[in-house]
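Understanding the architecture of this molecule
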Amino acid sequence: MRETWTWFRLAALAVAAAPFTLGIAPGRAAAEEKELVVGALLAMTGQGASYGKIMSQATDLAVDEVNRAGGAGGYKLVVKYEDHQAKPDVAVLAFNSLLRRYSPPAVLSSYTSITLAVAPIAARNNVVVLNAGGQGDSMAGASPYLFNVIPLNGLEAEVLARYLATTKKLPTAAVLYANDEGGRNASSAFKKFYEAAGGRVTIAEASQLGASDFRNQLAKIKSTKPSVLVLATYGKDTAIIARQAKELDLGIPVAQNSWSLLPEVFAEPASEGMIVTSIAAKPSQAFADEYQRRYHAEVQSVYPITFYNGVKVIAEAVKKVVADGKKPTGDNLREAILAIRRFDGVAGPFVFRDNGTVAAPVNVGVIEKGKTKVLETVQIEK
Amino acid sequence: MGLFGQLLANGVANGAAYVLLALGFSVIYNATREFHIAHAGAFTAAGYAGHVVHDRGLGLWGALAAAVAAGALYGFTLDAAVYAPLRRLRASGLQIFVASLGSLTIFSAAIEIAFGPDNLLWSTVPSVLSLGSVRLPAPFAVLVVLTAAVVAGVHLLMTRTVRGYELRAVSDNLELSRGAGIRVPAAFAFAYVLGSALVAPAAVVIGLDAGTNPYRGLHLSLVGIVATLMGGIGSYAGAVLTALAMALVESLGLLVSSSEWTRVILYGLFIAVLMARPHGLLGAAVRGKGAGA
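These figures come from a predicted structure and were not determined experimentally.

Considering the overall build of chain B
Summing up its helical and strand segments, chain B has 11 helices and 2 strands in all. Each helix and strand of chain B, ordered N terminal to C terminal, gives the series α-α-α-β-β-α-α-α-α-α-α-α-α. Along the longest, intermediate and shortest principal axes, the C-alpha atoms of chain B span 60 × 45 × 35 Å. Here chain B holds 293 residues, and the buried ones make up 55% of them. At a minimum sequence separation of 6, the contacts of chain B that also span at least 24 residues come to 78%. When the accessible area of chain B is evaluated, it comes to approximately 12,000 Å², of which 71% is carbon and sulfur surface.

Structure follows, in structure tokens:
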């Protein structure tokens, strides 16, 4: 009996060892297709889920494209998502989870408050953060490892303020802003530029992200008799605010930056006529067609472009690092991004400045029949 | 007068919703002494049921009926599947609270998987009532009337029916209630069904006004919980009046401060009241820890 067992064990060992002796070991197959995990910290659930959906779609599209073309420097990119729910405290836990589980050298992020919350952790762990969805000006130069693929608030705020005060000759504005870092920043940036352009802000009121009722703030705003209502709120809230402003018969134009460019806002009849700014980034036809084919949606906002570009920045940096004979660590990727600086994005080239920001022209438009109609494009040089 | 009138109207309209959330939580908490944070899920369940029925063309009243049924079913299911088994295992209040939190998380995630995370706008845009310069969506006017009727109905239930006597009895003294032959598990189940169904009108009107999503119930439920504790444990009138007062402070507070400060003022008041009157504004002595039905 014992002899039978011995033979059985030997046979089992031989079967287990066969792939290795024949040169088809699983480890060797994996080594031939090296993988590089990239993190993506997005609002996949909660009040910001609409943004997370668009951002993750563009990220997937870009990653698939990179991998179809042979990967980045021989590495197959794999994106691992974590959900920050638009909450900085959740974001920190999610970011640490990404680091612990996958040790990614680079992470895509969205939202100002989220990006600022994780930036110090990223710097301590030598991880590059590519912000492609938050626009708070405080992110300029906030961390040596932070690169903002999306232009920050200041650009749009300046263009919107000048347009309202000078072109439309609207002398007074009221601001309703989301009570978070991004909202406060957008509000103060608008106020600065609007007053510089000769306008006066009658009142700035805060709102809670995800609230259902904004009538109290709108009533108070109405009592100050502004000539325009400027929103610094996020998608779902913007749609509800537009509806409630109409219900309260504010009777003044409503204006907002590119945060308003979401399906919920386009679908809301009360958004008709809203003045909006957006980053003037027209995607290539091939990208727009592929996006339409995969997701049955038009590229209506800047986020598909910035997240696609974010992935391309990582891929280009990895290629350079590998070509230089180095490993794709966070430090090496950071050095590569700073060395390359100028990247060919899906909507044209962009250049990272020393403070980790990019510039772009800004469109001023109006929402008409569920779409943005561009009225003018403004280039601000700084 | 224009701004004051509008803020007053907003406060009363929001107050009606707060009252229903507070009254629902109060009915459950007073009877069971279980910190039912998953009360937010009743609002969500009622809102989605109302949305589905409304957008199939069955109108506001059809939506309301569906929402009441969904809220009641939610409360019954949670009690039967989670709380009752835990009580039988003599779980502590903290354990029940954690189970409640877990249940809410699971339920919200399930709703999100089933319906998606987006805010679902209802197919009807509500009409607006005008009184001078004051404007209010018509469904909120209906909500104010409905809430008054619900509060009166709950008062009658508590003071004129056997079920109501039982709820008040278990709220006052659990052991004596058992001794008097009251079936405490059934009374608890009834509290969960009733308390959860009460949120339905608020879920329907807020859904009609601003859409339905998986997350909105939590803030409103927290308001309901605070109103119950600040109003006084065991006091339905305290919960109702405090919920209304909270909404009025939120809205009329804007006359003297910015909206950034209204919540600070509100929760500051809450802490001050608890420090001055631990039993709440209209509350009597607390029954004691742990339901243990």
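Remarks on the pattern of salt bridges
Counting across every chain of the model gives 22 salt bridges over all chains. As a salt-bridge pair, A:Lys373 and A:Glu368 come within 3.9 Å of each other at their nearest N and O atoms. Note on A:Lys373: relative accessible area 42%, which makes it partly exposed. Bridged by salt links that share partners, the residues A:Asp213, A:Arg215, A:Glu247 and B:Asp209 form one connected network.

Some remarks on a nonpolar patch on the surface
On the surface, B:Phe4, B:Leu8, B:Val12, B:Leu255 and B:Val256 cluster together into a nonpolar patch covering about 420 Å² of accessible area. Here B:Val12 falls in the partly exposed class, since its relative accessible area comes to 32%.

Re the nonpolar core
All names here are of chain A. If you look at the biggest cluster of nonpolar residues, it comprises 128 residues, and the most contacted ones within it are Phe95, Leu164, Phe190, Tyr194, Leu229 and Phe352. A total of 11 residues in this core trace back to one element, the largest contributor, which is helix H12 (residues 303-323). Those residues in contact with Leu229, other than ones at most four positions away along the chain, are Ala174, Leu176, Leu218, Ile221, Ala245, Leu250, Ile252, Pro253, Val254 and Ala255.

Thoughts on helix H3 (residues 49-68) of chain A
The first and last C-alpha atoms of H3(A) sit 28 Å apart over 20 residues, in line with the 28 Å expected at 1.5 Å per residue. Downstream of H3(A) by a residue or two, A:Gly70 has a phi angle that is positive, lying close to 100°.

Description of the pairing of strand E1 (residues 34-42) of chain A
All names here are of chain A. Within E1, 7 of the 9 residues are buried, which leaves the element mostly enclosed by the surrounding structure. Looking at chain direction, E1 and strand E2 (residues 75-83) are connected through 9 bridges and run parallel. Bridge pairing links Leu36 to Leu77 in E2. Pairing of E1 with strand E3 (residues 106-109) involves 3 bridges; the strand directions are parallel. Note that in E3 the partner of Ala40 across the bridge is Leu108.

Description of the interface of chain B and chain A
By a widely used convention, the size of an interface equals the accessible area lost when the partners come together. Facing 32 residues of chain B, the contacting portion of chain A comprises 32 residues. Three residues, B:Arg135, B:Leu254 and B:Glu260, lead the burial of chain B against chain A; their summed loss comes to 18% of the area buried on that side. Linking chain B with chain A are 1 salt bridge, by the criterion used here. Inspection of the region where chain B meets chain A yields 13 residue pairs in polar contact (both at pLDDT 80 or more). Mapped by element, the contributors of at least two residues to the side of chain B that touches chain A are helix H1 (2-32), strand E2 (134-137), helix H8 (200-210), helix H10 (236-252) and helix H11 (259-276) of chain B. Looking at the side of chain B that touches chain A, the element that brings in the most residues is H1(B), giving 5 residues.

As for the confidence of the model for chain A
Do not read the predicted coordinates in detail wherever pLDDT is low. On average, residues of chain A score 88 in pLDDT, and 91% of them reach the 70 mark or higher. Of the regions scoring below 50 in pLDDT, residues 13-31 of chain A engages in 5 contacts with residues more than four places distant in sequence or in other chains.

Structural notes on the sheet that holds strand E13 (residues 362-368) of chain A
All names here are of chain A. The sheet built from 7 strands is open, its strands ordered E7-E6-E8-E9-E10-E13-E14 with mixed pairing. Edge positions in the sheet fall to strand E7 (200-207) and strand E14 (371-378), since each of these pairs with one other strand and no more. Pairwise comparison of adjacent strand axes, ignoring direction, gives a mean angle of 25° for this sheet. In the sheet, strand E6 (residues 172-178) pairs with E7 via 7 bridges, with the strands oriented parallel. What sits directly across from Val175, in E7, is Ala204.

Brief notes about the environment of A:Asn216
With respect to the secondary-structure elements, A:Asn216 resides in helix H8 (residues 215-223). Among the residues examined, A:Asn216 registers a relative accessible area of 7% and is labelled buried. Through-space distance from the C-alpha of A:Asn216 to that of A:Glu205 is 9.9 Å; in sequence the pair is 11 residues apart. Ignoring anything within four residues of it in the chain, the contact list for A:Asn216 reads B:Leu7, B:Asn10, B:Asn14, B:Glu250, B:Ser251 and B:Leu254.

Overview of the pairing of strand E8 (residues 228-232) of chain A
Residue and element names in this part refer to chain A. Among the 5 residues of E8, 5 are classified as buried, and the element is accordingly described as predominantly covered. Pairing of E6 with E8 involves 5 bridges; the strand directions are parallel. Within E8, the position partnered with Ala174 by the bridge is Leu229. Relative to strand E9 (residues 254-256), E8 is paired through 3 bridges, and the arrangement is parallel. Across the sheet, Leu231 pairs through a bridge with Gln256, a residue of E9. Viewed along the sheet, the connection from E8 through helix H9 (residues 235-247) into E9 turns out right-handed.

Side note on H1(B)
Residue and element names in this part refer to chain B. Taking 1.5 Å of rise per residue, the 31 residues of H1 would be expected to cover 45 Å, and the 44 Å separating its terminal C-alpha atoms lies within 8% of that figure. Most of H1 sits out of view: 26 of its 31 residues are buried. Looking at the residues trailing H1, positive phi occurs at Arg33, about 60°.

Brief notes about the environment of B:Ala247
All names here are of chain B. For Ala247, the location among the structural elements is in helix H10. Between the C-alpha atoms of Ala247 and Val162, which are 85 residues apart in sequence, the distance is 33 Å. Setting aside residues up to four positions removed in sequence, Ala247 forms contacts with Gly11, Asn14, Gly15 and Tyr18.

Comments concerning unusual backbone geometry
All names here are of chain A. Here the phi dihedral of Ala86 falls at roughly 65°; this positive angle occurs in a residue that is not glycine. One can find Ala86 in the loop between E2 and helix H4 (88-102). Note on Ala86: relative accessible area 11%, which makes it buried. Although it is not a glycine, Asn126 adopts a positive phi angle of roughly 55°. Note that Asn126 resides in the loop between helix H5 (112-124) and strand E4 (128-131).

Points about the confidence of the model for chain B
Residue and element names in this part refer to chain B. Scored by pLDDT, chain B comes out at a mean of 90, with 96% of its residues at no less than 70. Element-level mean pLDDT values for chain B span from 86 in H11 up to 96 in helix H7 (residues 184-197). Segment residues 288-293 is flagged for pLDDT under 50; beyond a separation of four residues in sequence, or across chains, it makes 13 contacts in the model.

Digging into the packing of aromatic side chains
With the rule as written, the count across this model stands at 19 aromatic pairs over all chains. Ring geometry for A:Phe147 versus A:Phe352: centroids 5.3 Å apart, planes at 65°, classification edge-to-face. Taken as a pair, A:Phe147 in strand E5 (residues 146-148) and A:Phe352 in the loop between strand E12 (348-351) and E13 lie far apart in primary sequence, 205 residues in all. Looking at A:Phe147, the relative accessible area reads 2%, which means it is buried. Here B:Phe25 and B:Phe35 contribute two aromatic rings whose centre-to-centre distance is 5.8 Å and whose plane-to-plane angle is 70°, an arrangement assigned as edge-to-face.

What counts and how
Residues numbered from 1 in each chain as written. Chains lettered and ligands numbered in written order. Predicted model: local features only at pLDDT ≥ 70, side-chain atom pairs only at ≥ 80, totals over all residues. Heavy atoms only, no water. Helix = DSSP H or I, 4+ residues; strand = E, 2+ residues; numbered from the N terminus. Buried < 20%, exposed > 50% of the residue type's maximum accessible area, 1.4 Å probe, protein only. Contact = heavy atoms within 4.5 Å. Areas by Shrake-Rupley, 256 points an atom, 1.4 Å probe, with all protein chains shown as cover. Salt bridge = Lys/Arg side-chain N within 4 Å of Asp/Glu carboxyl O. Patch = residues over 30% accessible without salt bridge, like charges linked within 9 Å, V, L, I, M, F, W, Y side chains within 5 Å. Core = buried A, V, L, I, M, F, W, Y, C linked by side-chain atoms within 4.5 Å. Expected span 1.5 Å × (residues − 1). Pairing = 2+ DSSP bridges. Buried area = accessible area lost by both parts, 1.4 Å probe. Polar contact = N/O pair within 3.5 Å; in protein donor to acceptor, adjacent residues only side chain to side chain. pLDDT = per-residue confidence, 0-100. Axes fitted to C-alpha atoms, helices over the stretch in contact; angles between N-to-C directions. Right-handed = clockwise from strand over helix to strand, strands pointing away. Phe/Tyr/Trp six-rings, centres within 6.5 Å; stacked < 30°, edge-to-face > 60°.

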